[in-house]
Amino acid sequence: MEDVAIIGSGCAGMGAAIYAARAGMSPLVIEGAQAGGLLTTTSDVENFPGFPEAVNGFDLVWKMRQQALKFGAHIESAVVESVDFSSDPKILRLESGGKIEAKKVIIATGSSPRMTGAKGEKELYGGRGVSACATCDGAFYRGEDVAVIGGGDSACEEALFLTRFCSGVKLVHRRDQLRATQIMQQRVLTNEKIQPVWDSVLEEVLADESGRCRAILVKNLKTGGVSEIPCKCVFVAIGHTPNTKAFAGAVELDSEGYIKVRDEIKTSVEGVYAAGDCADKKYRQAITAAASGCKAAIAAANNF
Ligand code: NAP
């Protein structure tokens, strides 16, 4: 039986693993479907303290992982499918059919990109011209026109990243003002390769005869007019949904599926903690995720 099982291997999971390992708990990290979490799909992280020259997202989280391993964390490549927190020890059932028992559990499963649900989006997702990750797929569209959907920091970051490869980037946003932080807004709005398409939403992704994106249809919400924008790929960056399906019914979730916490990291079940984006719809930063992982581990180690 494990002293503490940490579900998730992003910033929150690794922050928890480093602190739990140093507290002598020999934590087991169940790394989940995306080893290293969402940060591995980010290019330059410019706001993580300690890296004035920026740090690559993958490198940052991989260093956290090495740090956790160095202090005695164990990492298992598995995905938790369901849990039973009513028993003692707590039981984690894996997709592979296995089972893990743990005295304490830290949930750090993060969140996944949200999609618009527009026609053609699902069909062309994954290599055929619809993506949720410019860092992963942007280089395939060198010299091409592309589109980004969204108006937050993620959308701006994606758009700016894409200007490195692509000839033009249409930034399609449902309002006429970006939600992103001032610095990102300024970079986007002064970049001559990026053209905002205001007050507009994605209606459909149009495929060519080979089944790849050739254009998108966008609807202007003010005029109701629909226009076609030629592009080889559309990058959807409209926020995230918490990865908490496995915990429904086991811990309290809010109406959007985020884990409800009190004292920052305690779930509705004693001995079960939540850290990072699965419980945080407000801050959602690498630094806040790592910090909440640290808090969860300290609480688990000290029976707070
Ligand atoms: P976000 O801030 O929630 O922005 C989501 C954007 O998508 C908003 O502009 C929203 O429009 C739009 N949107 C939502 N649902 C939509 C739909 N169904 N159809 C069309 N548009 C839709 O999400 P995010 O950009 O992923 O950022 C999440 C958090 O991570 C934020 O706290 C952000 O600061 C942080 N972050 C930071 C950095 C950085 O510092 N470098 C990078 C990325 C993310 P409205 O504006 O109209 O609501």
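Residues numbered from 1 in each chain as written. Predicted model: local features only at pLDDT ≥ 70, side-chain atom pairs only at ≥ 80, totals over all residues. Heavy atoms only, no water.

Caption draft 1: Examining the sheet that holds strand 12 (residues 168-172) more closely. Spatially, five strands are ordered 10-17-11-12-13 in an open sheet, and the strand pairing comes out parallel. Two strands in the sheet have a free side with no partner beyond their single neighbour: strand 10 (130-131) and strand 13 (194-197). Two elements, strand 11 (residues 145-149) and strand 17 (residues 233-236), share four bridges in a ladder whose sense is parallel. Its bridge partner being in strand 17, Ala147 is matched across the sheet by Val234. Against the sheet, helix 4 (residues 153-162) contacts strand 11, strand 12, strand 13 and strand 17, and its axis sits at roughly 170 degrees relative to strand 11. (Pairing = 2+ DSSP bridges. Helix = DSSP H or I, 4+ residues; strand = E, 2+ residues; numbered from the N terminus. Contact = heavy atoms within 4.5 Å. Axes fitted to C-alpha atoms, helices over the stretch in contact; angles between N-to-C directions.)

Caption draft 2: Structural detail: the state of the cysteines. Under the definition given, this model contains zero disulfides. In this structure Cys11 is a free cysteine whose sulfur lies 13 Å from that of Cys278, the closest cysteine sulfur available. For Cys278, a relative accessible area of 0% corresponds to the buried category. (Disulfide = S-S within 2.5 Å. Buried < 20%, exposed > 50% of the residue type's maximum accessible area, 1.4 Å probe, protein only.)

Caption draft 3: Broad picture of the domain arrangement of the chain. For the chain, the domain assignment lists domain 1 (2-112 + 240-302) and domain 2 (115-236). The interface is formed by six residues belonging to domain 1 together with eight residues belonging to domain 2. Between domain 1 and domain 2, a total of about 480 Å² is buried, with carbon and sulfur atoms accounting for 43% of that surface. When the buried area of domain 1 at its contact with domain 2 is split by residue, Thr41, Ser43 and Glu46 rank highest and sum to 69% of it. Where domain 1 meets domain 2, there are one salt bridge. Across the salt bridge formed by Glu46 and Arg187, the nearest N and O atoms sit 3.0 Å from each other. There are one residue pair in polar contact (both at pLDDT 80 or more) connecting domain 1 and domain 2. Grouping the constituent residues of the side of domain 1 that touches domain 2 by class yields no nonpolar, four polar and two charged. (Domains from an automatic or database assignment. Buried area = accessible area lost by both parts, 1.4 Å probe. Salt bridge = Lys/Arg side-chain N within 4 Å of Asp/Glu carboxyl O. Polar contact = N/O pair within 3.5 Å; in protein donor to acceptor, adjacent residues only side chain to side chain. Nonpolar A, V, L, I, M, F, W, Y, C, P; charged D, E, K, R; others polar.)

Caption draft 4: Main features of the packing of aromatic side chains. Evaluated as defined, the whole model comprises four aromatic pairs. On the basis of an interplanar angle of 55 degrees and a centroid distance of 6.3 Å, the ring pair of Phe48 and Phe51 is categorised as tilted. Phe48 gets classed as buried once you look at its relative accessible area, which sits at 14%. Here the guanidinium or amino end of Arg22 rests over the ring plane of Phe71, the centre of that ring lying 4.6 Å away. (Phe/Tyr/Trp six-rings, centres within 6.5 Å; stacked < 30°, edge-to-face > 60°. Lys NZ or Arg CZ within 6 Å of the ring centre and 35° of its normal.)

Caption draft 5: Region of interest: the pairing of strand 11. Counting buried residues in strand 11 gives four out of five residues, a clear majority hidden from the surface. The sheet contact formed by strand 11 and strand 12 spans five bridges and is parallel. Each bridged residue has a counterpart across the sheet, and for Val146 the counterpart in strand 12 is Val169. On the question of chirality, the crossover connecting strand 11 to the parallel strand 12 by way of helix 4 is right-handed. (Right-handed = clockwise from strand over helix to strand, strands pointing away.)

Caption draft 6: Geometry of the side chain of Thr40. Tracing the backbone shows Thr40 in the loop between strand 2 (28-30) and strand 3 (44-45). Reaching out from Thr40, the side chain makes a polar contact with the backbone oxygen of Gly37 at a distance of 2.6 Å. What Thr40 contacts, discounting residues up to four positions off in sequence, is Gln34, Ala35, Gly57, Phe58 and Val61.

Caption draft 7: Region of interest: the pairing of strand 1 (residues 2-7). As paired strands, strand 1 and strand 8 (residues 99-107) are joined by five bridges and run parallel to one another. Bridge pairing in strand 8 places Ile7 opposite Ile107. Where strand 1 and strand 2 come together, three bridges link them in parallel fashion. By the bridge assignment for strand 2, Ile7 is matched with Ile30.

Caption draft 8: Focus on the pattern of salt bridges. For the structure on display, the rule yields 13 salt bridges. The closest approach of N and O atoms between Arg65 and Glu31, which form a salt bridge, is 2.8 Å. A residue pair is termed long-range when its members are at least 10 positions apart, and Arg65 in helix 2 (residues 57-70) and Glu31 in the loop between strand 2 and strand 3 qualify at 34 residues. When its relative accessible area of 13% is taken as the criterion, Arg65 is described as buried. Judged by its relative accessible area of 11%, Glu31 falls in the buried class. Lys222 is paired through a salt bridge with Asp176; the nearest N and O atoms lie 3.6 Å apart.

Caption draft 9: Layout of helix 6 (residues 286-302). Taking 1.5 Å of rise per residue, the 17 residues of helix 6 would be expected to cover 24 Å, and the 25 Å separating its terminal C-alpha atoms lies within 8% of that figure. Of all the residues in helix 6, the buried ones are Ala286, Ala289, Ala290, Ser292, Gly293, Cys294, Ala296, Ala297, Ala299 and Ala300. Asn303 sits one or two positions beyond helix 6 and adopts a positive phi of about 55 degrees. (Expected span 1.5 Å × (residues − 1).)

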